[in-house]
Amino acid sequence: MKEHIILYSVVKKYFIELKRYFLNTLMTMIGIFILFMLVFFGLRSFDAGTETLQGTIIGFAMWIFAVMAYSEMSWGLLQEARDGTLEQLYLTPSSFRRISAYRVLGSFIFQFVLFLAFLSIMMVVTGQYLRLNPGVVILVGLTLLSVYGIGYMMGGLSLVFKKVQAGNQILQFMFILFLVLPTITDHPIIYFVPISWGNFLINKMMVGGLTLLDFTLIEYGILLLNSFAYLIVGLIIFRVMEKIAKKRGLLGHY
Amino acid sequence: MKALEVKDLHKTYPQWRGESTKAVKGISFSVNEGEIVGFLGPNGAGKTTTIKCLCGLVEPTKGNISIFGIDAVNETRKAVSNTSAVLEGNRNIYWRLTTRENLEFFAGLQGRSGKEVGPEIERLLERFDLKEKEDTAARKLSRGMQQKLALSCALIRGTDFLLLDEPTLGLDVKTSKEMRRFVKRLTTEEGKTILLSSHDMNVVEDVCERVIIMNEGKILANDSVENLKDIFKINLYDFILEGEQELQKLKEKYDVNEIKYENGNTKLRVSLKDSESFYSLVNHLQEKDLRLKEVKNLDTQMEEIFMNVIERGR
């Protein structure tokens, strides 16, 4: 099987659709940026320290990244089902989960570029300069695995229960809570909820100036366990829901 | 060789609450390689469930499906990799992508590279009159063109088995005829095996060699169009009589389907079992001094066969 051709086709399609909706994406980004400016300058007016301000920049950029990554999975699946193309993705030599993963890869490339662009603009506008270590790609990638896991989970649930949009919106706000959690508590809960620990390490790298070599094996271990646990559980739930949807004839019915 | 073999297929949809629904009740049929078979049935007959079972989109409760000898129940991905489907007419395509991009994407999904399918894409664009619209977004195409594109996308996958669910739904007469011609050529020229489901009897009659009629989850008929016509031959006649005549009383003696007044004449449509009843009616009309202008023997229509099979099955 020529899996690389399937991968190329899925990623290429992602970028074509992105290009076609460029203006739409740009307007959303401008809206988000205005929101960021309000949060940032609001905090500054309360005399927040440099670390808090820099943490806000990273947290905000990570939140956008997480929401986009998550939406790609769950909304993307809903969109396919509504358009009637989901069935077609099941009629391929590759598996649907793998095709979703390829799309996620395409979106990760785009979103990472966007993440860097966003950070750069934010740094220039706010005058708060962060350390852009190349190792951040690895940390961001690992941190987002948990978000993709949740995306699979919610995507699977939407195959069976359809009306999960309300849950999607709640989750977007939950991500904010998860991201700020390490700044308000050092309770072990930050090891278990998604993206908290990863964001904590990214902060240490970009604000504290640490490199990949400065983190301990335990710190990496927690990040890996947390991210892969969410991803694996997400994939299992997706598989179970997919099976239920096939049993109940719900696949592609919207 | 059998392209598709379905044995004792059952599908019961479980419900969260209440009784489960038995959609397919132990059907068996097969489709030979290069054959085009029509799949007919009223709404709720179990056609769509059967088609979705063949695509691996619905898990059968019991039974076997094999596509080109591969077990489609247990090795679904392997079996459906040689299957393309156009489900629900003009859906199944990406509306934001152009015609060409859709074709390239669907070829890619099958693991076929741009280089490999380049000439094939050109051929499909020409064949389906889509060449001029190759750079137009699918959402901007007419419904007929979208359906042609959906069929092209199924074909570019290069599979040997095609499932077409309502391929002419919503098309105008001209485009529907074109589509039928394309579908026919797929078997005659390219040796594709097709299972075609449609509510349009004319499409099935025109395109298919064999027809499977389903109702309430069971197969009621599985035979060639010609054989079904013979079996359900009802000798339908149109008697055209001069002037507007009162013929309601004929209904007591004959199987009158319709009495219609057209251009100052009366059209009497009647089913006659044999020549004896035919002559009896002619004599009766003569006795009543009615002037017979014309008698037409109507061909048995697929629609009548379908209705007959469904009625008998009840």
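Note that the coordinates shown come from a computational prediction; the quantities given were computed from them, not determined experimentally. (Residues numbered from 1 in each chain as written. Chains lettered and ligands numbered in written order. Predicted model: local features only at pLDDT ≥ 70, side-chain atom pairs only at ≥ 80, totals over all residues. Heavy atoms only, no water.)

Brief notes about the overall build of chain A
When you go through chain A residue by residue, the secondary structure sums to 10 helices and zero strands. Counted from the first residue to the last, chain A has its helices and strands arranged as α-α-α-α-α-α-α-α-α-α. Here the C-alpha atoms of chain A give a radius of gyration of 19 Å, agreeing with the 18 Å that 2.2 N^0.38 yields for 254 residues. For the C-alpha atoms alone, the extent of chain A along its principal axes is close to 55 × 40 × 35 Å. Residues counted as buried form 57% of the 254 residues belonging to chain A. Partitioning the contacts of chain A with sequence separation of at least 6, the portion at a separation of at least 24 is 80%. Carbon together with sulfur atoms contributes 72% to the accessible area of chain A, which is approximately 11500 Å² in total. (Helix = DSSP H or I, 4+ residues; strand = E, 2+ residues; numbered from the N terminus. Rg over C-alpha atoms; globule rule 2.2 N^0.38 Å. Buried < 20%, exposed > 50% of the residue type's maximum accessible area, 1.4 Å probe, protein only. Contact = heavy atoms within 4.5 Å. Areas by Shrake-Rupley, 256 points an atom, 1.4 Å probe, with all protein chains shown as cover.)

Some thoughts on the sheet that holds strand 11 (residues 236-242) of chain B
All names here are of chain B. An order of 12-13-11-14 is seen for the four strands of this open sheet, with the pairing classed as antiparallel. The open sheet has two edge strands, strand 12 (255-262) and strand 14 (292-298), and neither has a second partner. Put simply, the sheet's adjacent strands are angled 15 degrees from each other on average, direction ignored. As judged from the seven bridges shared by strand 11 and strand 13 (residues 265-271), these two strands associate in the antiparallel manner. Paired with Phe 239 across the strands is Leu 268, a residue of strand 13. Running over the sheet, helix 9 (residues 275-287) touches strand 11, strand 13 and strand 14 and is turned about 10 degrees from strand 11. (Pairing = 2+ DSSP bridges. Axes fitted to C-alpha atoms, helices over the stretch in contact; angles between N-to-C directions.)

Some details on unusual backbone geometry
The residue Ile 195 of chain A is not glycine, and still its phi comes out positive at about 55 degrees. Of note, Ile 195 of chain A is situated in the loop between helix 8 (189-192) and helix 9 (196-206). Ile 195 of chain A sits in the buried class, given a relative accessible area of 2%. A positive phi angle is found at Asp 289 of chain B, which is not glycine, with a value near 60 degrees. Note that Asp 289 of chain B resides in the loop between helix 9 and strand 14. We classify Asp 289 of chain B as exposed; its relative accessible area is 71%.

Side note on the environment of Phe 128 of chain B
Residue and element names in this part refer to chain B. Position of Phe 128 among the secondary structure elements: in the loop between helix 4 (114-127) and helix 5 (143-156). Classification of Phe 128 by relative accessible area gives buried; the value is 1%. Phe 128 sits 59 residues away from Gly 69 along the chain, and the two C-alpha atoms are 32 Å apart. Contact partners of Phe 128, with chain neighbours within four places excluded, come to Lys 148, Leu 151, Ser 152, Leu 155 and Phe 182.

Side note on the interface of chain B and chain A
Counting from both sides, the interface comprises 37 residues of chain B and, opposite them, 39 residues of chain A. When chain B packs against chain A, close to 3500 Å² is buried across both sides, 55% of that on carbon and sulfur atoms. On the surface where chain B and chain A come into contact, there are four salt bridges. Across the contact surface, chain B and chain A share 14 residue pairs in polar contact (both at pLDDT 80 or more). (Buried area = accessible area lost by both parts, 1.4 Å probe. Salt bridge = Lys/Arg side-chain N within 4 Å of Asp/Glu carboxyl O. Polar contact = N/O pair within 3.5 Å; in protein donor to acceptor, adjacent residues only side chain to side chain.)

Comments concerning the domain arrangement of chain B
According to the domain assignment, chain B consists of domain 1 (2-230) and domain 2 (234-298). Distance from the C-alpha centre of domain 1 of chain B to the C-alpha centre of domain 2 of chain B: 43 Å. (Domains from an automatic or database assignment.)

Here we look at the sheet that holds strand 8 (residues 193-197) of chain B
Residues and elements named next belong to chain B. Taken in spatial order, the six strands of this open sheet run 6-7-8-3-9-10, and their pairing is mixed. A strand with exactly one partner marks an edge of an open sheet, and here the two such strands are strand 6 (83-86) and strand 10 (218-224). When strand polarity is set aside, the average angle formed by the axes of neighbouring strands in this sheet is 15 degrees. Pairing of strand 7 (residues 161-165) with strand 8 involves five bridges; the strand directions are parallel. Opposite Asp 165, over in strand 8, you have Ser 197 as the bridge partner. Along the sheet, helix 1 (residues 47-55) makes contact with strand 3 (36-40), strand 6, strand 7, strand 8 and strand 9 (210-215), crossing strand 7 at roughly 150 degrees.

Side note on the state of the cysteines
Residues and elements named next belong to chain B. Evaluation of the coordinates by the stated rule reveals zero disulfides over all chains. In this structure Cys 53 is not part of a disulfide, and its nearest cysteine sulfur, from Cys 55, lies 9.3 Å away. Look at Cys 53 and you get buried, because its relative accessible area is 2%. No disulfide involves Cys 208; its nearest neighbouring cysteine sulfur is the one of Cys 55, lying 17 Å away. Residue Cys 208 is classed as buried on the basis of its relative accessible area of 7%. (Disulfide = S-S within 2.5 Å.)

Considering the packing of helix 6 (residues 136-161) of chain A against helix 10 (residues 217-248) of chain A
All names here are of chain A. Taken N-terminus to C-terminus, the directions of helix 6 and helix 10 make an angle of 20 degrees; their axes are 7 Å apart at the nearest point. As the angle between them shows, helix 6 and helix 10 are arranged roughly parallel. When the axes of helix 6 and helix 10 are compared, the crossing they make is left-handed. Considered class by class, the residues forming the contact of helix 6 with helix 10 number 24 nonpolar, eight polar and one charged. (Parallel < 35°, antiparallel > 145°, perpendicular 65-115°, else oblique. Left-handed = near helix turned anticlockwise from the far one by under 90°. Nonpolar A, V, L, I, M, F, W, Y, C, P; charged D, E, K, R; others polar.)

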